[in-house]
Amino acid sequence: RIRDRTACAFVYILDVQARHWEVVRTSGPCPSWRSFHGAVAHTSLLDGRDYFVTFGGTAEHCEPLSGGALADMRGYELDLGSFQWRQGPTDGELPGARLRFGVARWGRHL
């Protein structure tokens, strides 16, 4: 399935109770495939919808304990109801690029 590492036009969804994976197509400006990135799922305080946010890492396929060229920290948000991607801001202060890091939600902040 991962033939084109420049676009992530689908996601894998796990139904834990059924123990079944499903491939779901996405739309919108999607991120490149990433290794060693950060991601978090959350319910928005503004609209009550569920989102998945991913950023950082490298767009290269990497073996464990290796690394690649750093991808920027501009986030990509996936609406888990519509499976529509939205690209994060490109202006302002972005954190420095990094791989293998943790992320958490605190209030309205990641």
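Residues numbered from 1 in each chain as written. Predicted model: local features only at pLDDT ≥ 70, side-chain atom pairs only at ≥ 80, totals over all residues. Heavy atoms only, no water.

**Brief notes about the overall build of the protein**
The secondary structure content of the protein amounts to zero helices and six strands. Going residue by residue from the N terminus, the α and β elements of the protein occur as β-β-β-β-β-β. A compact globule built from 110 residues would reach a C-alpha radius of gyration of about 13 Å, and the protein, at 14 Å, matches this within 12%. Looking at the protein residue by residue over its 110 residues, the buried ones come to 30%. Of all intrachain contacts in the protein linking residues separated by at least 6 positions in sequence, the fraction that spans at least 24 positions is 52%. Surface exposure of the protein reaches about 7,500 Å², of which carbon and sulfur atoms provide 53%. Of the side chains in the protein, 13 bear a positive and 12 a negative charge, and the two mean positions are spaced by 3 Å. (Helix = DSSP H or I, 4+ residues; strand = E, 2+ residues; numbered from the N terminus. Rg over C-alpha atoms; globule rule 2.2 N^0.38 Å. Buried < 20%, exposed > 50% of the residue type's maximum accessible area, 1.4 Å probe, protein only. Contact = heavy atoms within 4.5 Å. Areas by Shrake-Rupley, 256 points an atom, 1.4 Å probe, with all protein chains shown as cover. Lys, Arg positive; Asp, Glu negative; His and termini not counted. Charge placed at Lys NZ, Arg CZ, Asp CG, Glu CD.)

**Regarding unusual backbone geometry**
The phi dihedral of R19 falls on the positive side, at around 55°, and the residue is not glycine. Tracing the backbone shows R19 in the loop between β1 (10-15) and β2 (20-25). You can call R19 exposed: its relative accessible area is 76%. With a phi angle near 55°, F83 is a residue other than glycine that sits in the positive phi range. Among the structural elements, F83 can be located in the loop between β5 (76-79) and β6 (85-87). Judged by relative accessible area, which is 17%, F83 ranks as buried.

**Digging into the pattern of salt bridges**
Tallied over the full model, the rule gives three salt bridges. Between D79 and R49 there is a salt bridge whose closest N-O contact spans 2.7 Å. With D79 in strand β5 and R49 in the loop between β3 (38-43) and β4 (50-55), this residue pair connects regions lying 30 residues apart in the sequence. According to the relative accessible area criterion, R49 is partly exposed, its value standing at 35%. Put simply, D72 and R74 hold a salt bridge, and the shortest N to O gap is 3.6 Å. (Salt bridge = Lys/Arg side-chain N within 4 Å of Asp/Glu carboxyl O.)

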